[in-house]
Amino acid sequence: KSRGTSVGSATVVQSGDILGTVAFAGADGTDLSTSAVQLVAEVDGTPGSNDMPGRFLIKTCADGSDSTTERLRIDSSGRLLIGHTSVGSKAAAAPLQIQTASSGAFALNIRNRSSNDYGFITFTDNDADEDLVQIGIQRTAANTGDLFFYTNGGNASSTEKLRLNSSGHMGLGVTPNANWPTNADFKAFQLGTGACVFGRGSGDEDRGGIAVNYYHT
């Protein structure tokens, strides 16, 4: 593919130019010109000398239609976009993004932050400036990890609201206290910094309790 008009010219292509298409068509009773599926290669960025960013598209034709619509895209950064064609600022680093056709529908992004041993599934919306909800994991040691939930109350970013640590202790609005026993049969549920429900079951040693911190001024 070249933008040149003469044989052998190497006029540089531009972002969005189609480099090639493989089309699959079938007889529809009238002709063979309507594609059911198309595989398309396009330029995805600004080319330069020995530099050709590309993207790969899969298009399908809906029932009752005579034209194809893009369903899946792998862009030049290696991101897989399903159901949409562009990456918003909220999820620029997400390698997998899924969005329904409605412009206001929720999207699902899956991404990781290897430098901090985090992984996230995030839910966002076209009308939102930030992620609305995040479900994440954090590697806390070589073979242990925590599960946590973030929500956004209208702020610049979502904040952690619930965490289940590798020992099975849970914290609502707080990280479970690191001093809780790690016995397999002991579990604690902390409610902020003011209360906790805990219990242990082991034969004749079944027991439980409620602890409350009372502050008075």
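Residues numbered from 1 in each chain as written. Predicted model: local features only at pLDDT ≥ 70, side-chain atom pairs only at ≥ 80, totals over all residues. Heavy atoms only, no water.

**Things to note about the overall build of the protein chain**
Inclusion rule: What counts as a helix is a DSSP run of H or I of at least four residues, what counts as a strand is a run of E of at least two, and both are numbered from the N terminus. Between buried and exposed lies partly exposed: a residue is buried under 20% and exposed over 50% of the maximum accessible area for its type, with that area taken using a 1.4 Å probe on protein chains only. By definition in these notes, contact holds between two residues if any of their heavy atoms fall within 4.5 Å. Each accessible area value is a Shrake-Rupley result obtained with a 1.4 Å probe; residue values ignore everything except the protein chains displayed when judging cover.
Scanning the protein chain from N- to C-terminus turns up zero helices and 15 strands. A total of 217 residues make up the protein chain; the buried ones form 25% of that total. Pairs at least 24 residues apart make up 12% of the contacts formed inside the protein chain by residues separated by at least 6 positions. In the structure as shown, the protein chain presents an accessible area of about 13,400 Å², 54% of it carried by carbon and sulfur atoms.

**So, the side chain of Gln138**
For the record, the criterion: Under this definition, polar contacts are N or O atom pairs within 3.5 Å; protein pairs additionally need one hydrogen-donor-capable and one acceptor-capable atom, and for neighbouring residues in sequence, both atoms have to be side-chain atoms.
Along the polypeptide, Gln138 turns up in strand E9 (residues 133-141). At a separation of 3.0 Å, a polar atom in the side chain of Gln138 contacts the side chain of Arg163. Contacts of Gln138, omitting those with residues within four sequence positions, involve Asp117, Tyr118, Thr144, Gly145, Asp146, Phe148 and Arg163.

**Re unusual backbone geometry**
Positive phi, normally seen in glycine, also occurs at Asn50, with a value near 55°. Tracing the sequence through the fold places Asn50 in the loop between strand E2 (35-43) and strand E3 (54-61).

**A closer look at the side chain of Asn152**
Note that Asn152 resides in the loop between strand E10 (144-151) and strand E11 (159-164). Apart from the residues lying within four places of it in its own chain, the contact partners of Asn152 are Glu130, Asp131, Leu132, Ser157 and Ser158.

**Describing a nonpolar patch on the surface**
Our working definition: Surface patches are drawn from residues lacking salt bridges whose relative accessible area is over 30%; two like charges belong together within 9 Å, two nonpolar side chains (Val, Leu, Ile, Met, Phe, Trp, Tyr) within 5 Å. Salt-bridge detection follows one rule: a side-chain nitrogen of Lys or Arg within 4 Å of a carboxyl oxygen of Asp or Glu.
A cluster of nonpolar side chains, namely Leu172, Phe189, Leu191, Val197, Ile210 and Val212, defines an oily patch on the protein surface of about 530 Å² accessible area. Residue assignment for the nonpolar patch shows that the elements contributing at least two residues are strand E13 (186-191) and strand E15 (207-212).

**Remarks on the environment of Ala184**
Tracing the chain through its elements places Ala184 in the loop between strand E12 (170-172) and E13. Considered as a pair, Ala184 and Arg200 are 16 residues apart in the sequence and their alpha carbons are 8.9 Å apart.

**Some thoughts on the pattern of salt bridges**
Inspection of the entire model under this criterion finds seven salt bridges. Linking Asp17 and Arg3 is a salt bridge whose minimum nitrogen-to-oxygen distance equals 2.7 Å. With Asp17 in the segment before strand E1 (18-25) and Arg3 in the segment before E1, this residue pair connects regions lying 14 residues apart in the sequence. Judged by relative accessible area, which is 10%, Asp17 ranks as buried. With a shortest N-O distance of 2.7 Å, Arg73 and Glu70 are connected by a salt bridge.

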